[in-house]
Amino acid sequence: MKKIVLLPFLLLISYSSVNAYQAEELKLSLQELIDNAIEQDSTIPGILLHVEAPDLNLSYSVSSGVSDLSTRAPLPENGTARIASNTKTYVAVSVLRLWEQGMLELDDPISKHISGKHAQILKSDGYDLNKITIRHLLTHTAGLFDHAGSNTYIEKVFADPSHEWTRTEQVQGCVDWGNPLFEPGEQFSYSDTGYILLGEIIENVTEKSLGKAVRELIGFKKIGLNATWWEKIEQKLTASPERIHQYFQGMDTFNFDPSLDLYGGGGLVANTKDMARFYQELFAGNVFEQSSTLDTMITKVSFPEEYTPSSDYRMGIFYFKFNEMDMYSHSGFWSTQATYIPELNASVSIIITQFAKGRLINRLLNETAGLLEGY
C-alpha cells in the first residue's frame, strides 16, 4: 500500500491555525484600543476604526460608543459620517484624472475654468487669476484666504445652522473676510476656498454635477466604494448605512445644513471601511490610468529657499513620518482621518464623533500601526 505523507498537510493546518489565532488577537487588540479611548475621555460619544491590510489578509472594522447621545443607540461598525476635508483627496484625484484624459492642464490658469462671476469677485480683491493655476489650488499655494477658517464664517454657521450656503457666498466670503496672502507659489496656506474652486472646475469641465463627476472619475463602483456619496448633491445610496451623529463641543451637528462644507472642500459622506479602501486602491494603482499620475500627486512641492512650509502637503494629501514610518494622510474638521502606510501596505481610517480630537487620532493611528507591524 502506498504511504500517505501527512506532515506537510499537518504543518499547513498548524500554520493556518496560528494565522487565524493571530488575526483574532489583532482584532481584539483594535477593539480594546478604542474601548479604552472612550473610557478615558467621557466627552467622546463614539469611535470607529477600520484597517485595510491585504498583505495580512485583513479588512476589519471596529466601533465603540453610541451613534446618538439622545437615544444612546450603539455605534454600528459600518456607520457613515460627514468626512469633511477628507473629501479634498477625492477632489484632487478627480482633477488628476481629468489631467490624464487631456481635459485640462495642471498649469492652466484658473481664469480658464471658473465662472466669470467668481472670477470678478476674486479680481475685486486683487487676485491675479492668470497667475493662479490649478496646480496652486491643488497644493494650497495659491495665496487664497481661507473663507472656512475665518471666525466670521464659523460664527455665521453656528448662528444659523440651517442656512443653505452657495459656492458664490463662500467665494465672496474669501474676499470680504480676508485679503490675498502671498503671490502664487511662494508659500503654503491651507484654503477651503481653493478646493471649492476645484469643485467648480470639475463641474465646468465635465458638465456634470460634482457628485456624479467624482463618482465616475474615481470609479466608485469599480473599487468597491459602496457607502460613499456626495451629500445633498446625490441621493443616499439605498444600501448605505445610516449617517451617525457628530458633535461640536457637545452640540449635535446632525441637522446642520451640509452646504456649509459641500462644494469640494468637503461634502462626502462615507464609513471608515470605504475611506480606507479608497486609500488602499489609490496607492495600489487601481484608480489612475498611469502610475506616473500618482507620482505627480505625491511629489514634494518646491518653494523659494527662504521659505519653509508648516506642513508637507502634496496634491490633496499630506505626507509625514510617524513612528519612523512614511504616512500619506488627510484629516477632516469633524475628527476624521484616512492614512496609507507604504511600509505596511495598509490603510487605517478613523472617525471620532466629537470635534477636535486630532491628538487622539494620532495616538490611535500610532498604536494601530504598531499592532500591524507586530502582526
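Residues numbered from 1 in each chain as written. Predicted model: local features only at pLDDT ≥ 70, side-chain atom pairs only at ≥ 80, totals over all residues. Heavy atoms only, no water.

Thoughts on the sheet that holds strand E11 (residues 336–341)
Strands sit in the order E3-E2-E1-E12-E11-E10-E9 across an open sheet of seven strands; the sheet is antiparallel. Looking at which strands have only one partner, the edges of the open sheet turn out to be strand E3 (73–74) and strand E9 (318–322). In the packing of helix H12 (residues 358–373) onto the sheet, contacts are made with strand E1 (46–53), strand E2 (58–68), E9, strand E10 (325–332), E11 and strand E12 (346–352), and the angle to E12 comes to roughly 150°. (Pairing = 2+ DSSP bridges. Helix = DSSP H or I, 4+ residues; strand = E, 2+ residues; numbered from the N terminus. Contact = heavy atoms within 4.5 Å. Axes fitted to C-alpha atoms, helices over the stretch in contact; angles between N-to-C directions.)

Observations concerning the environment of Asp326
Relative to the helices and strands, Asp326 resides in strand E10. Each C-alpha atom, one on Asp326 and one on Leu106, is 26 Å from the other, the two residues being 220 residues apart in sequence. Ignoring any residue separated from it by four or fewer positions in sequence, one finds Asp326 in contact with Tyr319, Phe320, Lys321, Tyr340, Ile341 and Pro342. A polar contact is formed between the side chain of Asp326 and the side chain of Tyr319, at a distance of 2.6 Å. Side-chain polar atoms of Asp326 contact the side chain of Lys321, separated by 2.7 Å. (Polar contact = N/O pair within 3.5 Å; in protein donor to acceptor, adjacent residues only side chain to side chain.)

Notes on the sheet that holds strand E5 (residues 229–230)
Pairing within the open sheet is antiparallel, and its three strands lie in the order E4-E8-E5. In this open sheet, the two strands that pair with only one neighbour each are strand E4 (81–82) and E5.

Quick notes on the packing of aromatic side chains
Counted according to the given criterion, the structure contains 20 aromatic pairs. Members of the aromatic cluster, each reached through a chain of ring pairs, are Phe158, Phe248, Phe256, Phe333, Trp334 and Phe355. The positively charged end of Lys88 is found above the aromatic ring belonging to Tyr195, 5.9 Å away from the centroid. One residue, Arg243, lies across the ring of Phe254, its end atom 4.1 Å from the ring centre. (Phe/Tyr/Trp six-rings, centres within 6.5 Å; stacked < 30°, edge-to-face > 60°. Lys NZ or Arg CZ within 6 Å of the ring centre and 35° of its normal.)

Some thoughts on the confidence of the model for the protein
Residue-level pLDDT values for the protein average 94, and 94% of them are 70 or greater. Across residues 14–18 the pLDDT falls below 50, and counting only partners more than four positions away or on other chains, this stretch makes zero contacts in the model. (pLDDT = per-residue confidence, 0-100.)

Looking at the side chain of Asn271
Tracing the backbone shows Asn271 in the loop between strand E8 (268–270) and helix H10 (272–283). Setting aside residues no more than four positions away along its own chain, Asn271 makes contact with Asn78, Gly79, Thr80, Ala227 and Pro241.

Some details on the packing of helix H3 (residues 116–123) against helix H6 (residues 167–176)
For the pair H3 and H6, interaxial distance at closest approach is 9 Å and the crossing angle is 15°. When the interaxial angle is binned, H3 and H6 end up roughly parallel. Of the two elements, H3 crosses H6, and the hand of that crossing is right-handed. Together, Lys117, His118, Ile121 and Leu122 of H3 and Arg167, Thr168, Val171, Gln172, Cys174 and Val175 of H6 make up the contact between the two elements. Residue composition of the contact of H3 with H6, grouped by class: five nonpolar, three polar and two charged. (Parallel < 35°, antiparallel > 145°, perpendicular 65-115°, else oblique. Left-handed = near helix turned anticlockwise from the far one by under 90°. Nonpolar A, V, L, I, M, F, W, Y, C, P; charged D, E, K, R; others polar.)

As for the pattern of salt bridges
Considering all chains together, one arrives at 22 salt bridges under this definition. For Glu183, the salt bridge goes to Lys131, with nearest N and O atoms at 3.6 Å. Here Glu183, found in the loop between H6 and helix H7 (192–206), pairs with Lys131, found in the loop between H3 and helix H4 (134–138); they are 52 residues apart in sequence, far enough to count as distant. On the basis of relative accessible area, Lys131 is assigned to the partly exposed category, the value being 46%. The partner of Arg277 in a salt bridge is Glu281, and the shortest N-O contact between them spans 4.0 Å. With a gap of four residues between them, Arg277 and Glu281 both fall in helix H10, about one helical turn apart. Assessed through its relative accessible area of 15%, Glu281 is described here as buried. Connected through shared salt-bridge partners, Glu52, Arg277 and Glu281 make up one network. (Salt bridge = Lys/Arg side-chain N within 4 Å of Asp/Glu carboxyl O. Buried < 20%, exposed > 50% of the residue type's maximum accessible area, 1.4 Å probe, protein only.)

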